[in-house]
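Residue-level listing of the chains:
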Amino acid sequence: PSPFIKITDQLPPNTVVVRVHSFSINYADCCIRWGLYESANKFVGWPIVPGFDIAGIVEQVADTKDDNDDDAAAAAPATSSGLKVGDLVYGATFFGAYSTRVLVPCNQLRKVPQGLTLSQAASLPTACLTALYTLY
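In this report, we go over the structure that sits alongside the text. Note that the coordinates shown come from a computational prediction; the quantities given were computed from them, not determined experimentally.

1. With respect to the overall build of the chain
Per the secondary structure count, the chain includes five helices and five strands. Taken from N to C terminus, the helices and strands of the chain fall in the order β-α-α-β-α-β-β-β-α-α. Buried residues in the chain amount to 37% of all 136 residues. Taking the intrachain contacts of the chain between residues at least 6 apart in sequence as the baseline, contacts between residues at least 24 apart amount to 74%.

What follows is the structure, encoded as structure tokens:
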């Protein structure tokens, strides 16, 4: 799904809106700004909001309840991955991390481990893994 929607729209299944607290800056973001990142041109086009790594708070959850399930209707909305409004999460987007809010598929997010700040968690997905992969 596109990371650019109106917040009032119904969310695609298994997605959440994250209010971005922190994001990391990577070499790929520079390539996007230079116009050299091919998938940015192919999948998003211009104008584009750069950024991949985020950390923030889940602000909205896709409706996953079954209309025939009264118990689910009474429960607080949560995704099939267990994410719910108010969870602190980090992960990767497909562009758009420099936004205040971004739509992210749940499988691209994880809950922030206890003891990490949101800023520290935002450095994990691309920046940390890039450094790790260079060691192998």
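2. Description of the pattern of salt bridges
Scanning all chains against the criterion turns up four salt bridges. The partner of Arg19 in a salt bridge is Glu59, with the nearest N and O atoms 2.6 Å apart. Linking Arg19 in strand S1 (residues 15-23) with Glu59 in strand S2 (residues 53-61), this pair joins segments that are 40 residues apart in sequence. Note on Glu59: relative accessible area 27%, which makes it partly exposed. With its nearest N and O atoms 3.4 Å apart, the salt bridge here joins Asp87 to Lys84. Of the residues examined, Lys84 reaches a relative accessible area of 36% and is grouped as partly exposed. A cluster of three or more residues bridged by salt bridges with shared partners is formed by Arg19, Glu59 and Arg101.

3. Describing the pairing of S1
Here S1 runs beside strand S4 (residues 101-105); their pairing, made up of five bridges, is antiparallel. Its bridge partner lying in S4, Val18 is registered against Val102. With seven bridges joining them, S1 and S2 adopt antiparallel strand pairing. Paired with Ser22 across the strands is Ala55, a residue of S2.

4. Describing the nonpolar core
Val16, Val18, Ile54, Val89, Val102, Val104 and Leu109 are the most contacted members of the largest nonpolar core, which has 13 residues in total. Put simply, the parts of the chain that give this core at least two residues each are S1, S2 and S4.

5. Describing the sheet that holds strand S5 (residues 109-111)
Read across the sheet, five strands follow the order S4-S1-S2-S3-S5 without closing on themselves; strand pairing throughout is antiparallel. In this open sheet, the two edge strands, each paired with only one partner strand, are S4 and S5. Taken over all neighbouring pairs, the strand axes of this sheet differ in orientation by 45 degrees on average, direction set aside. Contacts from helix H5 (residues 124-134) reach S2 and strand S3 (88-92) within the one sheet, and its direction differs from that of S3 by about 55 degrees.

What counts, and where the lines are drawn
- Residues numbered from 1 in each chain as written.
- Predicted model: local features only at pLDDT ≥ 70, side-chain atom pairs only at ≥ 80, totals over all residues.
- Heavy atoms only, no water.
- Helix = DSSP H or I, 4+ residues; strand = E, 2+ residues; numbered from the N terminus.
- Buried < 20%, exposed > 50% of the residue type's maximum accessible area, 1.4 Å probe, protein only.
- Contact = heavy atoms within 4.5 Å.
- Salt bridge = Lys/Arg side-chain N within 4 Å of Asp/Glu carboxyl O.
- Pairing = 2+ DSSP bridges.
- Core = buried A, V, L, I, M, F, W, Y, C linked by side-chain atoms within 4.5 Å.
- Axes fitted to C-alpha atoms, helices over the stretch in contact; angles between N-to-C directions.

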